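Structure at a glance
Residue-level listing of the chains:
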Amino acid sequence: KQEVTQIPAALSVPEGENLVLNCSFTDSAIYNLQWFRQDPGKGLTSLLLIQSSQREQTSGRLNASLDKSSGRSTLYIAASQPGDSATYLCAVSVFGNEKLTFGTGTRLTIIP
Amino acid sequence: NAGVTQTPKFRILKIGQSMTLQCAQDMNHNYMYWYRQDPGMGLKLIYYSVGAGITDKGEVPNGYNVSRSTTEDFPLRLELAAPSQTSVYFCASSYYRGNTIYFGEGSWLTVV
């Protein structure tokens, strides 16, 4: 059974710092991995999607990496801003299964 | 495009009542999903559909029913509401398996 873990559950950093969020999964036979952002009282917004054949994806100040062999993904946020404050979730899918397995998220607070 | 639209946003039900959560997408996506999110837990898949007329169970289908008569609409029916169904419900869609998933804003349901 696939399990996805995100540690820490909460993180506070000063504005302007670069930071890394972690995601680990137990079954390396994944189809893809997605990172989402969730603002309080809102739905999830997809940030980056990494296919199993890819090592990383970039969008603006965000860079996500994938290491299937170690069961890990990281989301790197450069030059953090207060507007980056949100909960970040990762989710993995496996071949032949429609289900996304979500982590419980990391609540990020950027301190002005 | 409105994306994925869910109604209602908030609802309080009494134990034993029934209701339908509405979901519509205007992106011509084939795949649609219903997830529930409980505090401190990852999102759990309730039901999904890979196209009009086709639905299948996810991880936690008990107490729910769905239908997919059109590409655009994917309503979730709660029969005989129970306190355990108090949760936030998210509808989502994607063009195909492995593509970016788009979420609605969520429906907050309380069963008392």
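Everything numeric in this text was worked out from a predicted model, so none of it was measured.

Comments concerning the interface of chain B and chain A
- Counting residues at the interface gives 23 residues for chain B, matched by 20 residues for chain A.
- For the pairing of chain B and chain A, the buried interface totals around 1,700 Å² over both sides, and the portion due to carbon and sulfur atoms is 57%.
- Among the residues chain B hides against chain A, the three largest losses belong to Arg 97, Gly 98 and Phe 103 of chain B. Together they make up 29% of the total.
- There are one salt bridge connecting chain B and chain A.
- Salt-bridge contacts for Lys 42 of chain A lead to Glu 105 of chain B; the nearest nitrogen and oxygen are separated by 3.4 Å.
- On the surface where chain B and chain A come into contact, there are two residue pairs in polar contact (both at pLDDT 80 or more).
- Counting residues per element, the ones that place at least two in the side of chain B that touches chain A are β4 (31-37) and β5 (44-51) of chain B.
- Counting residues per element, the side of chain B that touches chain A draws most heavily on β4 of chain B, which supplies four residues.

Remarks on the packing of aromatic side chains
- Here the structure, examined in full by the defined rule, presents 12 aromatic pairs over all chains.
- Both rings, one in Phe 10 of chain B and one in Trp 108 of chain B, keep their centres 5.7 Å apart while their planes meet at 40 degrees; by these two values the pair is tilted. Of this pair, Phe 10 of chain B sits in strand β2 (residues 10-13) while Trp 108 of chain B is found in strand β11 (residues 107-111), placing the two residues 98 residues apart along the sequence.
- Phe 10 of chain B sits in the exposed class, given a relative accessible area of 57%.
- An aromatic cluster is present here, built from Phe 36 and Phe 102 of chain A together with Phe 10, Tyr 31, Tyr 33, Tyr 35, Phe 90, Tyr 96, Phe 103 and Trp 108 of chain B joined pairwise through their rings.

As for the layout of surface pockets
- Computed from the structure, the largest pocket encloses a volume of approximately 440 Å³.
- Contributions of two or more residues to the lining of the largest pocket are made by β9 (86-94) and β11 (106-111) of chain A together with β9 (87-94) of chain B.
- When residues in the lining of the largest pocket are grouped by element, the largest group, three residues, is from β9 of chain A.
- Residue classes in the lining of the largest pocket are distributed as nine nonpolar, 10 polar and four charged.
- Here the second largest pocket defines a volume of roughly 220 Å³.
- Lining the second largest pocket we find 14 residues, and of these Gln 2, Val 4, Thr 101 and Phe 102 of chain A together with Lys 44 of chain B sit closest to its centre.
- Secondary-structure elements contributing two or more residues to the lining of the second largest pocket are β1 (4-5) and β10 (100-102) of chain A.
- Here the lining of the second largest pocket is composed, by residue class, of four nonpolar, five polar and five charged.

Conventions adopted
Residues numbered from 1 in each chain as written. Chains lettered and ligands numbered in written order. Predicted model: local features only at pLDDT ≥ 70, side-chain atom pairs only at ≥ 80, totals over all residues. Heavy atoms only, no water. Contact = heavy atoms within 4.5 Å. Buried area = accessible area lost by both parts, 1.4 Å probe. Salt bridge = Lys/Arg side-chain N within 4 Å of Asp/Glu carboxyl O. Polar contact = N/O pair within 3.5 Å; in protein donor to acceptor, adjacent residues only side chain to side chain. Helix = DSSP H or I, 4+ residues; strand = E, 2+ residues; numbered from the N terminus. Phe/Tyr/Trp six-rings, centres within 6.5 Å; stacked < 30°, edge-to-face > 60°. Buried < 20%, exposed > 50% of the residue type's maximum accessible area, 1.4 Å probe, protein only. 1 Å grid on protein atoms, 1.4 Å probe; cavity = no way out; pocket = protein on both sides within 12 Å on 5 of 7 lines; lining within 4 Å. Points joined across faces, edges and corners; volume = space filled by probe spheres on them. Nonpolar A, V, L, I, M, F, W, Y, C, P; charged D, E, K, R; others polar.

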